[in-house]
Amino acid sequence: MNKPIAIETGAVVRLRKPHPCGGYEWTVVRLGADIGIECNTCQKRVLLPRREFEKRLKKILSSPTSTP
Ligand SMILES: [Zn+2]
């Protein structure tokens, strides 16, 4: 059973695969049907469908607020 992911803008996440620039850490910049993330290493922005994002997500490193 999968727990729904409580993600919010400003959260820093780690993905399973690195960006071509070598960065693993991303900041969530947009929420919706698609999740917008910005590479913390090269500042490139990428839009991922939520399902794809959840598949690639490895760990939420930090959140601006800690919602239960
Ligand atoms: Zn990058």
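Look a little higher up for the structure.
Residues numbered from 1 in each chain as written. Predicted model: local features only at pLDDT ≥ 70, side-chain atom pairs only at ≥ 80, totals over all residues. Heavy atoms only, no water.

Draft legend 1. Up close: the coordination of the zinc ion. Coordination of the zinc ion by the protein is provided by His-19 (ND1), Cys-21 (SG), Cys-39 (SG) and Cys-42 (SG), with metal-donor distances spanning 2.0 to 2.4 Å. Around the zinc ion sit four donor atoms; with metal-centred angles ranging over 104 to 122 degrees, the donor geometry is tetrahedral. Going along the chain, you hit the donors of the zinc ion in the pattern H-x1-C-x17-C-x2-C. Of the two residues, Cys-21 sits in the loop between strand S1 (12-15) and strand S2 (25-30) while Cys-42 sits in the loop between strand S3 (34-39) and strand S4 (45-49), which places them 21 residues apart along the sequence. (Donors = N, O, S within 2.8 Å, 3.2 Å for Na, K, Ca; no water. Tetrahedral: all angles 85-135°; square planar, octahedral: opposite > 155°, others 65-115°. Helix = DSSP H or I, 4+ residues; strand = E, 2+ residues; numbered from the N terminus.)

Draft legend 2. Focus on the nonpolar core. Listed in full, the twelve residues of the largest apolar core are Ile-7, Ala-11, Val-13, Leu-15, Trp-26, Val-28, Ile-35, Ile-37, Cys-39, Leu-48, Phe-53 and Leu-57. With three residues, the single largest contributor to this core is S3. (Core = buried A, V, L, I, M, F, W, Y, C linked by side-chain atoms within 4.5 Å. Buried < 20%, exposed > 50% of the residue type's maximum accessible area, 1.4 Å probe, protein only.)

Draft legend 3. Looking closely at the environment of Val-28. For Val-28, the position within the fold is in strand S2. Residue classification places Val-28 among the buried residues on the basis of a relative accessible area of 2%. Distance in space between the C-alpha atoms of Val-28 and Val-46 is 9.8 Å, their sequence separation being 18 residues. For Val-28, the residues in contact, after removing those within four places along its chain, are Ile-7, Glu-8, Thr-9, Gly-10, Ala-11, Val-13, Ile-35, Gly-36, Ile-37 and Phe-53. (Contact = heavy atoms within 4.5 Å.)

Draft legend 4. Structural context of the layout of surface pockets. Its boundaries defined by the atoms lining it, the largest pocket holds a volume of some 180 Å³. If you trace the largest pocket, you find it lined by Leu-15, Arg-16, Lys-17, Pro-18, His-19, Trp-26, Ile-37, Val-46, Leu-48, Lys-55 and Arg-56. In the lining of the largest pocket, the residues fall into six nonpolar, one polar and four charged. (1 Å grid on protein atoms, 1.4 Å probe; cavity = no way out; pocket = protein on both sides within 12 Å on 5 of 7 lines; lining within 4 Å. Points joined across faces, edges and corners; volume = space filled by probe spheres on them. Nonpolar A, V, L, I, M, F, W, Y, C, P; charged D, E, K, R; others polar.)

Draft legend 5. View of the sheet that holds S3. A sheet is described by the order of its strands in space; here five strands give the open sequence S4-S3-S2-S1-S5, paired in antiparallel fashion. Of all the strands in the sheet, just S4 and strand S5 (57-62) have a single pairing partner and so form its edges. Each strand axis lies, on average, 40 degrees off the axis of its neighbour in the sheet, ignoring direction. Two elements, S1 and S5, share four bridges in a ladder whose sense is antiparallel. Bridged to Val-12 within S5 is Ser-62. (Pairing = 2+ DSSP bridges. Axes fitted to C-alpha atoms, helices over the stretch in contact; angles between N-to-C directions.)

Draft legend 6. Summary view of the side chain of His-19. Tracing the chain through its elements places His-19 in the loop between S1 and S2. Apart from residues no more than four positions distant in its own chain, His-19 is found in contact with Trp-26, Cys-39, Cys-42 and Lys-44.

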